[in-house]
Amino acid sequence: NKRFGGMCVDERKHLYYNMLQYWQGVIKKYKPDIIIFPVLPHTIYNYILYILAKLFNIKTIMFENSDVSDRLLLYNNWVEGSTHLKKTICRNQGKSFVVRDLESDLQKYYQLQVDPNNDATPNYIKDYQADNSGFRLLKRKLKTITVSVLDGTIFKKAPRFIINKFKPNLKKEYLSLQIKPEIEKKFIYVPLNFQPERTTSPQGDMFVDQILMIEILAASLPKDWVIYVKEHPSQWMFKSKINYSSCRYRGYYEKIARLKNVFLIPVNINTYFLINRSLAVATVTGTAGWEALLRCKPTIIFGYPWYRDCPCLFKVNNVESCKEAFEKITNNFQVKEQEIINYLKSFDESTIHGYLEELDAPSSKLTKKENKKRIVRAI
């Protein structure tokens, strides 16, 4: 959907067959013992290579950025996750760690998240917002206009710009359907994942179709509860993203809004306010699920996020398991702070400091040389 959204089904199939032939040829020619992926394979060609590696019993290694400080998880299989973390959780089971037992970066992170007076918005969201508002946005628009005037394309672009102003688009569809939430109601908060992105493809598995997730939640919902769905704040951030696509097609939001007891709510409502007032948070793999756990809020996941091994999570993939989760939540299930601290201690012992891309470097204190050494040592 990201690279070839305009292709019909048969075109996509033939592209896939071509890539399959190519990578099978590479494997047969070079016979690798191990294939290292920097991050979870998700950019079409490397996912095909990953699946072929599994088929031919070739070992694989990959990293996942947790967005917690500069911590990286190391996997052999993205579905299985970190075997080191799983073993550490078992070893630490029943212990009573305190916040000061964590390394300083995790102490700072945890305190930022649980203090209601702090703005815990992830840095990548802040960067997106800064790039698409105020002076930065004005500067980019002026640059586009200047270039268009100089190369003469302004005469083509100006009419297209005016036409687009009046055309239907994603944002208009959403705004026409959104309601002001009644916070006093019993509600499940469902923040959508940004798409297309690896957090749903492949990490959502079949729930790359987020409407399927919402349909399961709606079919499992206790009688007097409602579901409030909120679009990801970055989904329309760039102008081109408000256009319909194969990820957010025309009628996408209408299909969600037609579901019983499901309502779309304004994107600008503070996510932490919604987490705190909800009965539970449900997501495919979203950061909001982790933020909810840190605030001791029941959390339901449908995919494979980096925090999947936290013991107090509800892992759901059908109506039956979803109803079981709701039944426990209605019977006063509680996420205990001790469980979260114990998980963070296991996470502390099972991750490495490092970063994979330049844009993540500011979150780390490591020099480039130190970063390389740590990643090589981990491999």
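This one's a predicted model, so the numbers in the text were calculated from it and none came from an experiment.

Asks: Break down the side chain of Thr351 for me, citing the residues and quoting the values.
Replies: Take Thr351: it is sitting in the loop between helix H14 (337-350) and strand S10 (352-353). Looking at Thr351, its side chain comes within polar contact range of the side chain of Arg71, at 2.9 Å. Here the side chain of Thr351 touches Phe347 through a polar contact of 2.8 Å, landing on its backbone oxygen. Leaving out residues up to four positions away in the same chain, Thr351 has contacts with Arg71, Leu72 and Leu73.

Asks: Would you mind going over a positive patch on the surface in detail, with residue names and values included?
Replies: Taken together, the side chains of Arg140, Lys141, Lys165 and Lys172 make up a positively charged region of the molecular surface. The topology assignment puts Lys165 in helix H7 (residues 154-166). Judged by relative accessible area, Lys165 falls into the partly exposed class, the value being 45%.

Asks: Describe unusual backbone geometry, naming the residues involved and giving the relevant values.
Replies: Of note, the bond from Gln195 into Pro196 is cis; its omega dihedral lies within 30 degrees of zero at -5°. Inspection of the secondary structure puts Pro196 in the loop between strand S4 (186-191) and helix H9 (210-220). Non-glycine residue Asp67 carries a positive phi angle of around 65°. Checked against the element boundaries, Asp67 lands in the loop between strand S2 (59-65) and strand S3 (71-75).

Asks: Mind laying out the nonpolar core, listing which residues take part and the relevant values?
Replies: One finds Trp290, Leu293, Trp306, Tyr307, Ile340, Tyr343 and Phe347 to be the most contacted residues of the largest nonpolar core, which totals 40 residues. The set of elements that each furnish at least two residues to this core consists of helix H1 (9-30), strand S1 (34-39), helix H2 (45-55), S3, helix H3 (83-91), helix H4 (104-114), helix H12 (287-294) and H14. Of all hydrophobic cores here, the second largest spans 34 residues; its members include Tyr174, Ile227, Ile256 and Ala282.

Asks: Please provide a residue-by-residue account of the pattern of salt bridges, values included.
Replies: Applying the stated criterion across every chain yields a total of eleven salt bridges. Linking Asp348 and Arg71 is a salt bridge whose minimum nitrogen-to-oxygen distance equals 3.1 Å. On the criterion of sequence distance, the pair formed by Asp348 in helix H14 and Arg71 in strand S3 is long-range, its members being 277 residues apart. Exposure remark for Asp348: the relative accessible area of 7% places this residue in the buried category. For Arg248, the salt bridge goes to Glu231, with nearest N and O atoms at 2.9 Å. Note that Arg248 is positioned in the loop between strand S5 (225-230) and helix H10 (252-257) and Glu231 in the loop between S5 and H10, a separation of 17 residues in sequence. What makes Glu231 buried here is its relative accessible area of 1%. Each of Arg71, Glu103, Asp105 and Asp348 takes part in a single network of salt bridges with overlapping partners.

Asks: Describe in detail the sheet that holds strand S9 (residues 314-315), supporting the description with residues and values.
Replies: Ordered by their spatial adjacency, six strands build an open sheet running S6-S5-S4-S7-S8-S9, and the pairing between neighbours is parallel. The sheet is open, and its two edges are formed by strand S6 (262-264) and S9, each paired on a single side. Two elements, S5 and S6, share three bridges in a ladder whose sense is parallel. Within the sheet, the bridge partner assigned to Val229 lies in S6 and is Leu264.

Asks: Requested: an account of the packing of H9 against helix H13 (residues 319-330), with residues and values cited.
Replies: It is the contact of H9 with H13, at a shortest axis distance of 9 Å, that shows an interaxial angle of 55°. With respect to H13, the axis of H9 lies oblique. Seen from above, H9 lies across H13 with right-handed handedness. For the pair H9 and H13, the contacting residues are Ile216, Leu217, Ala219 and Ser220 in the first and Val319, Cys322, Lys323 and Phe326 in the second. Considering only residue class, the contact of H9 with H13 consists of six nonpolar, one polar and one charged.

The rules behind these values
- Residues numbered from 1 in each chain as written.
- Predicted model: local features only at pLDDT ≥ 70, side-chain atom pairs only at ≥ 80, totals over all residues.
- Heavy atoms only, no water.
- Helix = DSSP H or I, 4+ residues; strand = E, 2+ residues; numbered from the N terminus.
- Polar contact = N/O pair within 3.5 Å; in protein donor to acceptor, adjacent residues only side chain to side chain.
- Contact = heavy atoms within 4.5 Å.
- Patch = residues over 30% accessible without salt bridge, like charges linked within 9 Å, V, L, I, M, F, W, Y side chains within 5 Å.
- Areas by Shrake-Rupley, 256 points an atom, 1.4 Å probe, with all protein chains shown as cover.
- Salt bridge = Lys/Arg side-chain N within 4 Å of Asp/Glu carboxyl O.
- Lys, Arg positive; Asp, Glu negative; His and termini not counted.
- Charge placed at Lys NZ, Arg CZ, Asp CG, Glu CD.
- Buried < 20%, exposed > 50% of the residue type's maximum accessible area, 1.4 Å probe, protein only.
- Core = buried A, V, L, I, M, F, W, Y, C linked by side-chain atoms within 4.5 Å.
- Pairing = 2+ DSSP bridges.
- Axes fitted to C-alpha atoms, helices over the stretch in contact; angles between N-to-C directions.
- Parallel < 35°, antiparallel > 145°, perpendicular 65-115°, else oblique.
- Left-handed = near helix turned anticlockwise from the far one by under 90°.
- Nonpolar A, V, L, I, M, F, W, Y, C, P; charged D, E, K, R; others polar.

Don't take any of this as a statement about function, it's just geometry.
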